[in-house]
Amino acid sequence: MTDPSGGYRTPYTTTPGSSTPSPDVTPHEGTSDLRLFFWLAILNTAIIGGGGVIAWAFATHVI
């Protein structure tokens, strides 16, 4: 949903006391957040995979 000013408005309504972020998120800010989360997911996958390879190497006495 976009508003006439060009900003992004969330379609979800906020309720009193909720921790919902501000509905005023620009498209650039949203895109940069998605890119950051993508690279963090790749990094986390690499860390978990690396830990698994090391654990496998210790379990099979490769190391």
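Structure: see above.
Residues numbered from 1 in each chain as written. Predicted model: local features only at pLDDT ≥ 70, side-chain atom pairs only at ≥ 80, totals over all residues. Heavy atoms only, no water.

S.K.: Got a minute to help me understand a nonpolar patch on the surface in this structure?
M.R.: A contiguous nonpolar surface patch, about 490 Å² in accessible area, is contributed by Leu36, Phe37, Leu40, Leu43 and Ile47. When its relative accessible area of 37% is taken as the criterion, leucine 40 is described as partly exposed. (Patch = residues over 30% accessible without salt bridge, like charges linked within 9 Å, V, L, I, M, F, W, Y side chains within 5 Å. Areas by Shrake-Rupley, 256 points an atom, 1.4 Å probe, with all protein chains shown as cover. Salt bridge = Lys/Arg side-chain N within 4 Å of Asp/Glu carboxyl O. Buried < 20%, exposed > 50% of the residue type's maximum accessible area, 1.4 Å probe, protein only.)

S.K.: What should I look at first to understand the packing of aromatic side chains in this one?
M.R.: The geometry of an aromatic ring pair comes down to the distance between the two centres and the angle between the two planes. Counted under the stated rule, the structure contains one aromatic pair. Centroid distance phenylalanine 38 to tryptophan 39: 5.0 Å. Interplanar angle 75°. Geometry classified as edge-to-face. Residue classification places phenylalanine 38 among the partly exposed residues on the basis of a relative accessible area of 47%. (Phe/Tyr/Trp six-rings, centres within 6.5 Å; stacked < 30°, edge-to-face > 60°.)

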